[in-house]
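Each chain, written out:
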Amino acid sequence: MGTADVEAVWRIESARIVAALTRFTGDFGLAEDAAQEAVAEALVSWPRASPANPAGWLMATARRRAIDAIRRRVALQERYALLAADPALDQEIDPDRIDDDVLALMFVSCHPVLSREARVALTLRVVGGLSTEEIARAFLVPVPTVQARITRGKKAIAAAGVPFELPPAGERRERLGGVLSVLYVIFTEGSTATSGDRLLRPDVAYEAIRLARTLAALQPDEPEVHGLLALCELTAARFPARTDPDGTPILLEDQDRRLWDFPAIRRGLTALARASQRGLGPYGLQAAIAATHASAPSVEETDWARIVRLYETLGRVAPSPVVELNRAVAVAMASGPAPALAIVDELIASNRLPGSHLVPTVRGELLTRLGRLPEARAELELAARLCANQREREVLLGKAAALS
């Protein structure tokens, strides 16, 4: 077995291994370090002799590493005895089993004592199984920055005495929003990268979907979990048509909808149906908007009036300037650019999205439709200056140049 095999097993089994070790050692940082040491040992050992049970090998090796670390902590001899004698860690890992340990690991990684950046890094590292190098590439930050976020995160968890356990039922629902927001941030970065030379980072988006599926299996009665999963599936379904072979973005009206991932659309609609059973929350409403796009044969035949209504509801449930901006786009399609421009100008007057390239992007499009071309060009050029994503910037500059 080579490096790729070790990485594949780790990606699948890491959350369960770290979760089990954390539960029995009571030390999140020690568990994660021991698991990483086991992977390093596997990279050396497996090419020479492949284990019959790779997941079990990693668990046993990580357990030995944890025991060695605890032995060095004289004050923890009692805990060492418990760990060394516990038969549960000797059991083979069932690849089809998803238990509360993984859910507890998600809640620990997304604990409120951590910054958003640390929550994202820890979730991708200990729940998703990504290396620091992979996380750094995904978010276009230096590897030492990711390492520092993970280290600070683990220290913050230890300093706060965060227990490795599922929060009580009442607190769990309250904190579930934090877990969902982390997965949403990860998916959003994958679906439209904030910077760099690629519009999409599918590997990041699909990792968020994998984690959302895991969470949905662990929390099957939480509608917003299924709402987020539906939103991710339905949005990712359009990935194959969103760029041409060289990575140039393709606008929605120009996409070949035959390239959309229809199995992903079906999965998304199924998840949306489950979310709808108890009424839609913010993620479910966004998924309903995505479903309206997914079911339309073209931009012209899209039910824009329904999308406007959904954005109005979303604005009442979870108000934000981005929701208002998206509502303006839908209003433009349903009722024309003039009423939409009034919404955008109100956002500008209230300074609710300062520095965002999205506002001048939308305003430029609306002004173009109104025939106010010099103003439109100025807005699109401003949007290009504010945009950190090279691919999006090229599209904006091309639109501005076409108005000369």
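Residues numbered from 1 in each chain as written. Predicted model: local features only at pLDDT ≥ 70, side-chain atom pairs only at ≥ 80, totals over all residues. Heavy atoms only, no water.

In its Sequence similarities (unreviewed entry) section, the UniProt record describing the protein reads: "Belongs to the sigma-70 factor family. ECF subfamily." (UniProt positions renumbered as here; feature names shortened; annotations may be inferred.)

Chemist: Outline the overall build of the protein, supporting the account with residue identities and numerical values.
Modeler: Secondary structure summary: the protein contains 20 helices and 0 strands in total. Since a compact globule built from 404 residues should have a radius of gyration of about 22 Å, the 24 Å found for the protein is in line with a globular shape. Overall, the C-alpha framework of the protein stretches about 75 × 40 × 40 Å when taken along its three principal axes. In the protein, buried positions account for 50% of the 404 residues. Of all intrachain contacts in the protein linking residues separated by at least 6 positions in sequence, the fraction that spans at least 24 positions is 64%. Just so you have it, the protein exposes about 18,600 Å², and 54% of that area is on carbon and sulfur atoms. Within the protein, the 51 negative side-chain charges are centred at a point lying 2 Å from the centre of the 48 positive side-chain charges. (Helix = DSSP H or I, 4+ residues; strand = E, 2+ residues; numbered from the N terminus. Rg over C-alpha atoms; globule rule 2.2 N^0.38 Å. Buried < 20%, exposed > 50% of the residue type's maximum accessible area, 1.4 Å probe, protein only. Contact = heavy atoms within 4.5 Å. Areas by Shrake-Rupley, 256 points an atom, 1.4 Å probe, with all protein chains shown as cover. Lys, Arg positive; Asp, Glu negative; His and termini not counted. Charge placed at Lys NZ, Arg CZ, Asp CG, Glu CD.)

Chemist: How would you sum up a negative patch on the surface? Please name residues and give values.
Modeler: A grouping of Glu253, Asp254, Glu300 and Glu301 is seen on the molecular surface, where their side chains present a negatively charged patch. Tracing the chain through its elements places Glu253 in the loop between helix 12 (239-242) and helix 13 (262-276). (Patch = residues over 30% accessible without salt bridge, like charges linked within 9 Å, V, L, I, M, F, W, Y side chains within 5 Å. Salt bridge = Lys/Arg side-chain N within 4 Å of Asp/Glu carboxyl O.)

Chemist: Explain the environment of Pro220 to me, using residue names and the numbers behind them.
Modeler: Tracing the backbone through its elements, the reader meets Pro220 in the loop between helix 10 (202-218) and helix 11 (223-236). C-alpha separation for the pair Pro220 and Ala275, spaced 55 residues apart in sequence, amounts to 9.8 Å.

Chemist: Tell me about the packing of aromatic side chains, residues and numbers included.
Modeler: Here the distance between the centres and the angle between the planes together describe a pair of aromatic rings. Enumeration according to the criterion identifies 4 aromatic pairs in this entry. For the ring pair Trp46 and Trp57, a centre distance of 5.4 Å and an interplane angle of 75° mean the geometry is edge-to-face. Taken as a pair, Trp46 in the loop between helix 2 (28-45) and helix 3 (54-71) and Trp57 in helix 3 lie far apart in primary sequence, 11 residues in all. For Trp57, a relative accessible area of 21% translates into the label partly exposed. Grouped by ring-pair contacts, the aromatic residues Phe187, Tyr206 and Phe239 constitute a single cluster. (Phe/Tyr/Trp six-rings, centres within 6.5 Å; stacked < 30°, edge-to-face > 60°.)

Chemist: An account of the pattern of salt bridges is needed here, citing residue identities and associated values.
Modeler: Counted according to the given criterion, the structure contains 21 salt bridges. One salt bridge in this structure joins Arg125 and Glu32, with 2.9 Å as the shortest N-O distance. Of this pair, Arg125 sits in helix 6 (residues 116-127) while Glu32 sits in helix 2; the two residues are 93 residues apart in sequence, bridging distant segments of the chain. The same class applies to Arg125 and to Glu32, which are both buried. Across the pair Glu381 and Arg377 runs a salt bridge whose closest N-O atoms are separated by 3.0 Å.

Chemist: So what's going on with the nonpolar core? Residues and values would help.
Modeler: By size, the foremost hydrophobic cluster in this structure holds 89 residues, and its most contacted members are Leu58, Leu105, Phe187 and Leu215. Formed by 34 residues, the second largest nonpolar core is a distinct cluster that contains Leu341, Ile343, Ala400 and Leu403. (Core = buried A, V, L, I, M, F, W, Y, C linked by side-chain atoms within 4.5 Å.)

Chemist: So what about the environment of Ala330? Which residues, and what values?
Modeler: Mapped onto the elements, Ala330 comes out in helix 16 (residues 321-335). Sequence separation between Ala330 and Ile307 is 23 residues; the distance between their C-alpha atoms is 6.5 Å. Apart from residues lying up to four places away in sequence, Ala330 is in contact with Trp304, Ile307, Val308 and Tyr311.

Chemist: Provide a residue-level description of the side chain of Ser191, including the pertinent values.
Modeler: With respect to the element layout, Ser191 can be found in helix 9 (residues 169-191). What makes Ser191 buried here is its relative accessible area of 8%. Ignoring sequence-local partners within four residues, the contact set of Ser191 consists of Leu199, Leu200, Ala205, Thr235, Phe239 and Arg242.

Chemist: Could you give an account of the state of the cysteines, naming the residues involved and the relevant values?
Modeler: According to the stated counting rule, one finds 0 disulfides in the structure shown. Here Cys110 stays unpaired: no disulfide links it, and the sulfur of Cys232, its closest cysteine neighbor, is 14 Å away. Take Cys232: its relative accessible area is 1%, and that puts it in the buried class. (Disulfide = S-S within 2.5 Å.)

Chemist: Go over unusual backbone geometry, please, and point to the residues and values.
Modeler: With a phi close to 55°, Asn351 is a non-glycine residue in the positive phi region. Within the secondary structure layout, Asn351 lies in the loop between helix 17 (337-349) and helix 18 (358-369).

Chemist: Go over helix 18 with me, naming the residues and quoting the values.
Modeler: Owing to its 3.6 residues per turn, the α-helix brings residues three or four apart onto one side. Its 12 residues place the ends of helix 18 17 Å apart at the C-alpha level, agreeing with the 16 Å of an ideal helix rising 1.5 Å per residue. Taken residue by residue, helix 18 has Val359, Pro360, Thr361, Val362, Arg363, Gly364, Leu366 and Leu367 as its buried positions. Where helix 18 terminates, the next one or two residues include Gly371, which has phi positive at roughly 80°. (Expected span 1.5 Å × (residues − 1).)

Chemist: Lay out the packing of helix 16 against helix 17 in plain terms, naming residues and giving numbers.
Modeler: Between helix 16 and helix 17, the least distance of the axes is 7 Å, while the angle of their chain directions is 165°. In this view, helix 16 runs roughly antiparallel relative to helix 17, as classed from their interaxial angle. For the pair helix 16 and helix 17, the sense of crossing is left-handed. On helix 17, the residues that touch Pro321, Glu324, Leu325, Arg327, Ala328, Val331, Ala332 and Ser335 of helix 16 are Pro337, Pro339, Ala340, Ile343, Val344 and Leu347. Of the residues contributing to the contact of helix 16 with helix 17, the split by class is 11 nonpolar, 1 polar and 2 charged. (Axes fitted to C-alpha atoms, helices over the stretch in contact; angles between N-to-C directions. Parallel < 35°, antiparallel > 145°, perpendicular 65-115°, else oblique. Left-handed = near helix turned anticlockwise from the far one by under 90°. Nonpolar A, V, L, I, M, F, W, Y, C, P; charged D, E, K, R; others polar.)

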